[in-house]
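What the coordinates show
Next come the chains, spelled out residue by residue.
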Amino acid sequence: MKIATFNINGVKARIEGLTHWLQDSAPDVALLQEIKSVDDGFPRQIIEDLGYNVATHGQKGFNGVAILSKLPLEDVTRGLPGDDADEQARWIEATVVGDTAVRICCLYLPNGNPAPGPKFDYKLAWMDRLHARAVALLAEEMPALMAGDYNIIPQAEDAARPDAWREDALFRPDSRAAFRRIMNLGFTEAFRSRTAGPGHYSFWDYQAGAWDKNDGIRIDHMLLTPQCADLLRDCSIQKEVRGREKPSDHVPVWVDLAA
DNA sequence: ATGACGGTCCGAGACCGA
């Protein structure tokens, strides 16, 4: 089962590139972030016509997540538990049954800038809720993953210019510690379990020629429960997508599971 | 040092992102 996470940066603006990508790369499951669309505005029919089931959790203008799957989506739930007053659409999960059932969580973690400030507080509070969901997910003892745009640069080697990010919410010590606290519950970060060293990024800013200079950061991650890590065959970043026509500023990150 | 880029809301320019 090939699963990709992809911050699409506006599904309506990106629909042509998205459909090309679905056809040429053919993920079994695609997790999308920043669809920037309400559920009714999502180009559902176009994607269903390509053979995908679609589950969305959208909102007007910003944020929004979706799961596309060639296999049926079961037990879909929307919203990260822990704050009923939180109206931001950043979390959706579903079960996909291939050779074995996999619980798949698609997340768009808050950016948190400027830091410090209320947006940074929201990011850290959201990560506390993510930690709680992660604990519950591990207790299920089933293959599961939490994947998406974490808006976290885990280590200095995950940025071309780490010093430029020292004060940024993506790289501040509090952010990285919150990420480690979740990792340390027992998750496997798929990419780093397979590939060491610097120079591997999943985001390049549109500005200042970041792509041309390979001035990127690695902020899109896939965290696997132990039962899921046992199924891991491969993990890769599909860098070339950033060079396509009218690209998102993020690229897809993939896992191949024996599932 | 600043702005650069891009999407969404709309129907100009603010807001958000990273």
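Our subject is the structure listed above.
Now for a look at the structure at hand. (Residues numbered from 1 in each chain as written. Chains lettered and ligands numbered in written order. Predicted model: local features only at pLDDT ≥ 70, side-chain atom pairs only at ≥ 80, totals over all residues. Heavy atoms only, no water.)

1. Regarding unusual backbone geometry
Here the amide bond leading from Asn113 into Pro114 is cis, since omega sits at -5 degrees, within 30 degrees of zero. The residue Pro114 is located in the loop between β7 (101-108) and α3 (118-139) in this model. Although it is not a glycine, Asn63 sits at a positive phi angle of roughly 55 degrees. Here Asn63 is to be found in the loop between β3 (53-57) and β4 (65-69). Owing to a relative accessible area of 8%, Asn63 belongs among the buried residues under this scheme. Phi is positive for Asn214, close to 50 degrees, though the residue is something other than glycine. Looking at the element boundaries, Asn214 is found in the loop between β10 (203-204) and β11 (216-217). (Helix = DSSP H or I, 4+ residues; strand = E, 2+ residues; numbered from the N terminus. Buried < 20%, exposed > 50% of the residue type's maximum accessible area, 1.4 Å probe, protein only.)

2. Some thoughts on the protein's contact with DNA strand B
The immediate surroundings of DNA strand B are formed by 26 residues, with Asn111, Asn151, Gln207, Ile217 and Lys246 found nearest. Atoms of DNA strand B within 4 Å of the protein belong to the sugar or the phosphate in 71% of instances, the rest to bases. Between DNA strand B and Lys119, the relevant distance is 3.4 Å, taken from a phosphate oxygen to a side-chain nitrogen or oxygen of the residue. Contact between DNA strand B and Lys246: a phosphate oxygen at 2.9 Å from a side-chain N or O atom of the residue. (Near = heavy atom within 4 Å. Polar contact = N/O pair within 3.5 Å; in protein donor to acceptor, adjacent residues only side chain to side chain.)

3. Structural notes on the packing of aromatic side chains
Tallying each qualifying case throughout the model produces six aromatic pairs. Residues Phe6 and Trp21 carry aromatic rings whose centres are separated by 5.1 Å and whose planes lie at 70 degrees to one another, so their mutual orientation is edge-to-face. Of this pair, Phe6 sits in strand β1 (residues 2-7) while Trp21 sits in helix α1 (residues 15-25), and the two are 15 residues apart along the sequence. For the pair Phe6 and Trp21, a shared accessibility class is recorded, and that class is buried. Judged by centre distance (5.6 Å) and plane angle (80 degrees), the rings of Tyr150 and Phe179 are edge-to-face. A residue pair is termed long-range when its members are at least 10 positions apart, and Tyr150 in the loop between β8 (144-149) and α4 (173-183) and Phe179 in helix α4 qualify at 29 residues. No difference in accessibility class separates Tyr150 from Phe179, as the two residues are buried. Taken together, the ring pairs connect Phe6, Trp21 and Trp254 into an aromatic cluster. Between Arg172 and the ring centre of Phe120, over which it is positioned, the NZ or CZ distance is 5.6 Å. (Phe/Tyr/Trp six-rings, centres within 6.5 Å; stacked < 30°, edge-to-face > 60°. Lys NZ or Arg CZ within 6 Å of the ring centre and 35° of its normal.)

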